[in-house]
Amino acid sequence: MAAGIVASRRLRDLLTRRLTGSNYAGLSISLRLTGSSAQEEASGVALGEAPDHSYESLRVTSAQKHVLHVQLNRPNKRNAMNKVFWREMVECFNKISRDADCRAVVISGAGKMFTAGIDLMDMASDILQPKGDDVARISWYLRDIITRYQETFNVIEKCPKPVIAAVHGGCIGGGVDLVTACDIRYCAQDAFFQVKEVDVGLAADVGTLQRLPKVIRNQSLVNELAFTARKMLADEALGSGLVSRVFPDKEVTLDAALALAAEISSKSPVAVQSTKVNLLYSRDHSVAESLNYVASWNMSMLQTQDLVKSVQATTENKELKTVTFSKL
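Only a predicted model underlies this, so the values are computations on that prediction, with no experimental measurement involved. (Residues numbered from 1 in each chain as written. Predicted model: local features only at pLDDT ≥ 70, side-chain atom pairs only at ≥ 80, totals over all residues. Heavy atoms only, no water.)

### Observations concerning the pattern of salt bridges
Heads up, the condition is: A carboxyl oxygen of Asp or Glu within 4 Å of a side-chain nitrogen of Lys or Arg is what we treat as a salt bridge. Helix and strand labels come from DSSP, where a helix needs a run of H or I of at least four residues and a strand needs a run of E of at least two; each type is numbered from the N terminus. Think of it in three bands: residues with accessible area under 20% of the maximum for their type are buried, residues over 50% are exposed, and the middle band is partly exposed, with areas taken using a 1.4 Å probe on protein chains only.
A full pass over the atoms with the stated rule returns 16 salt bridges. For the salt bridge of Asp183 with Lys276, the shortest nitrogen-to-oxygen distance reads 2.8 Å. Placement of the pair is Asp183 in the loop between helix H6 (174-180) and strand S7 (184-188) and Lys276 in helix H11 (residues 269-283), with a sequence separation of 93 residues. Put simply, Lys318 and Glu316 hold a salt bridge, and the shortest N to O gap is 3.2 Å. With a relative accessible area of 43%, Lys318 lands in the partly exposed category. Connected through salt bridges with shared partners, the residues Glu157, Arg211, Lys214, Arg283 and Asp284 form a single ionic network.

### Here we look at the packing of helix H4 (residues 120-128) against helix H5 (residues 135-158)
Axes are the key here: two packed helices are described by the angle between their axes and the distance separating the axes. We count it as follows: Lines fitted to the C-alpha atoms define the axes, with helices restricted to the stretch that makes contact. Angles between their N-to-C directions range from 0 to 180 degrees. Working rule for angles: under 35 degrees goes down as roughly parallel, over 145 as roughly antiparallel, 65 to 115 as roughly perpendicular, anything else as oblique. Note on definitions: a residue-residue contact is assigned when non-hydrogen atoms from the two residues lie within 4.5 Å. Classes in brief: Ala, Val, Leu, Ile, Met, Phe, Trp, Tyr, Cys and Pro nonpolar; Asp, Glu, Lys and Arg charged; the others, Gly included, polar.
Across the interface, H4 lies against H5 with an axial gap of 10 Å and an inter-helix angle of 140°. Overall, the two elements H4 and H5 adopt an arrangement that is oblique. Counted together, Met123, Asp126 and Ile127 of H4 and Tyr141, Leu142, Ile145 and Tyr149 of H5 form the full contact between these two elements. Taken together, the residues of the contact of H4 with H5 sort by class into six nonpolar, no polar and one charged.

### Points about the environment of Arg74
Here is the rule we go by: Whenever a nitrogen or oxygen atom comes within 3.5 Å of another N or O atom, the pair is scored as a polar contact, on the condition that within protein one atom can donate a hydrogen and the other can accept it, and that pairs from neighbouring residues in sequence are kept only if both atoms are in side chains.
Within the element layout of this structure, Arg74 appears in the loop between strand S3 (67-72) and helix H3 (83-98). Looking at Arg74, the relative accessible area reads 17%, which means it is buried. Sequence separation between Arg74 and Arg59 is 15 residues, and the spatial gap between their C-alpha atoms is 9.5 Å. Non-local contacts of Arg74, meaning those with residues more than four positions away in its chain, are made with Ser57, Asn79, Ala80, Asn82 and Asp119. Among the polar contacts made by the side chain of Arg74, one reaches the main-chain carbonyl oxygen of Ala80 at a distance of 2.7 Å.

Here it is, written out as structure tokens:
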């Protein structure tokens with residue numbers, strides 16, 4: 001054991017010296033080439049049903065090695081979110097979080113739009129006829145429902161694997177709650193986003209009002225969208241920072257999202273998942289607190305063999321996708 005540690009440290013020292021020398025210029029070139037080749041590989045990958053993921057409202061497929069595609073799959077109902085959906089999303093992402101083979105996730109919608117939001121007809125009994133025989137008991141029941149529905153999108157944010165939303169058509173009501181819990185958002189030119197809840201007589205309560213201000217950093221715009229329920233079209237979504245890229249149509253958007261997922265999945269899972277954890281922590285804490293947190297985090301994570309493998313590959317001008325990283 002001691003000999004192995006010493007050897008590992010010597011290799012680290014060697015790679016550090018090489019990085020600070022003439023090889024550094026080649027590092028960025030190698031990384032750019034790796035990303036490009038990963039994108040090219042992902043664009044032609046056939047989908048296959050993912051094992052252990054069988055749902056009524058979702059379809060989960062293996063887009064390629066280490067990448068899962070979660071599709072909202074009620075196209076005849078415009079992917080409206082019924083009672084089954086709220087339960088199945090939690091089950092799905094809890095499984096993905098524990099899946100050592102998965103390193104990135106893409107979420108999209110089947111059919112003509114991403115989602116029409118809450119299925120009011122299916123959920124009317126829970127909301128309009130809540131259980132309980134007095135105000136306290138009815139309120140307790142409703143609070144339990146709300147917190148369980150919040151968990152449907154909390155699991156996306158808590159999932160250590162990066163989650164990419166590929167949006168086309170309408171992303172309405174609960175759809176905005178969903179995509180704001182994702183790490184990256186792409187959309188098609190026909191996409192629009194709508195905080196619809198005020199039009200049905202309620203305040204959004206499963207994530208939009210909490211996450212959207214942090215995503216677009218424009219409180220005036222958030223207030224306008226939430227108070228009026230107006231549509232935000234793709235170009236405005238891009239300009240505001242809600243999405244990072246806009247593509248011509250659904251197919252190109254999905255291809256781009258899968259290519260991005262492929263590129264991410266070629267990196268060290270320790271590095272990527274650690275990055276997500278620290279980005280989320282820093283979003284809700286001060287700079288000083290976040291620096292202290294990442295120092296405590298990396299005092300163990302810097303000891304990973306992924307660091308040695310990654311640096312060695314780049315100094316030898318090898319593509320990162322050729323490196324075999326252990327499961328995480």
